[in-house]
Amino acid sequence: MGSTLEMFKLPDMSCGHCVAAITEALGALDAQARLTFDREARSLQVAGSERSRAELAAVLSEAGYPPAPA
């Protein structure tokens, strides 16, 4: 599987603590993933991950930040 570029809308992400929690959760799944946050837009871009969109979404949900439906 090649590396991916995925975008997620995270309605529950609103502060620095949220960003830290998401970074920790996704870092445990894939330490090589590059995360770009836009707190104002409540969105996350994940680049360079070898994990599937479903795997990333599951980790986000488990961390308490379920992605909005596409």
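Right, let's walk through the structure included here. (Residues numbered from 1 in each chain as written. Predicted model: local features only at pLDDT ≥ 70, side-chain atom pairs only at ≥ 80, totals over all residues. Heavy atoms only, no water.)

Moving on, we come to the sheet that holds strand 2 (residues 34-38). Taken together, 3 strands build an open sheet; the order of strands is 1-3-2 and the sheet is antiparallel. Each edge of the sheet is formed by a strand with only one pairing partner; in this case those strands are strand 1 (4-9) and strand 2. The average undirected angle you get between the axes of adjacent strands in this sheet is 15°. Relative to strand 3 (residues 43-49), strand 2 runs antiparallel, the two sharing 5 bridges. Bridging from a neighbouring strand, Arg34 pairs with Ala47 of strand 3. Strands strand 2 and strand 3 of the sheet are contacted by helix 1 (residues 16-29), whose axis makes an angle of about 160° with strand 2. Together, strand 1 and strand 3 form the strand contacts of helix 2 (residues 53-62), whose direction differs from that of strand 1 by roughly 40°. (Pairing = 2+ DSSP bridges. Helix = DSSP H or I, 4+ residues; strand = E, 2+ residues; numbered from the N terminus. Axes fitted to C-alpha atoms, helices over the stretch in contact; angles between N-to-C directions. Contact = heavy atoms within 4.5 Å.)

The next thing to look at is the nonpolar core. Formed by 15 residues in total, the largest nonpolar core has its most connected members in Ile22, Leu26 and Leu44. Contributing elements (two or more residues each) for this core: helix 1, strand 3 and helix 2. Ranked by residues supplied to this core, first place goes to helix 1 with 5 residues. Dropping the residues within four chain positions of it, Ile22 is found in contact with Leu10, Met13, Phe37, Leu44, Leu60 and Tyr65. (Core = buried A, V, L, I, M, F, W, Y, C linked by side-chain atoms within 4.5 Å. Buried < 20%, exposed > 50% of the residue type's maximum accessible area, 1.4 Å probe, protein only.)

Attention shifts here to the pattern of salt bridges. Inspection of the entire model under this criterion finds 2 salt bridges. Linking Glu6 and Arg53 is a salt bridge whose minimum nitrogen-to-oxygen distance equals 2.9 Å. Here Arg53 lies in helix 2 and Glu6 lies in strand 1, a separation of 47 residues in the sequence. Its relative accessible area of 33% is what places Arg53 among the partly exposed residues. In this structure, the salt-bridge partner of Glu55 is Arg51, at a minimum N-O distance of 3.4 Å. The exposure class assigned to Glu55 is partly exposed, which follows from its relative accessible area of 31%. For Arg51, a relative accessible area of 30% translates into the label partly exposed. (Salt bridge = Lys/Arg side-chain N within 4 Å of Asp/Glu carboxyl O.)

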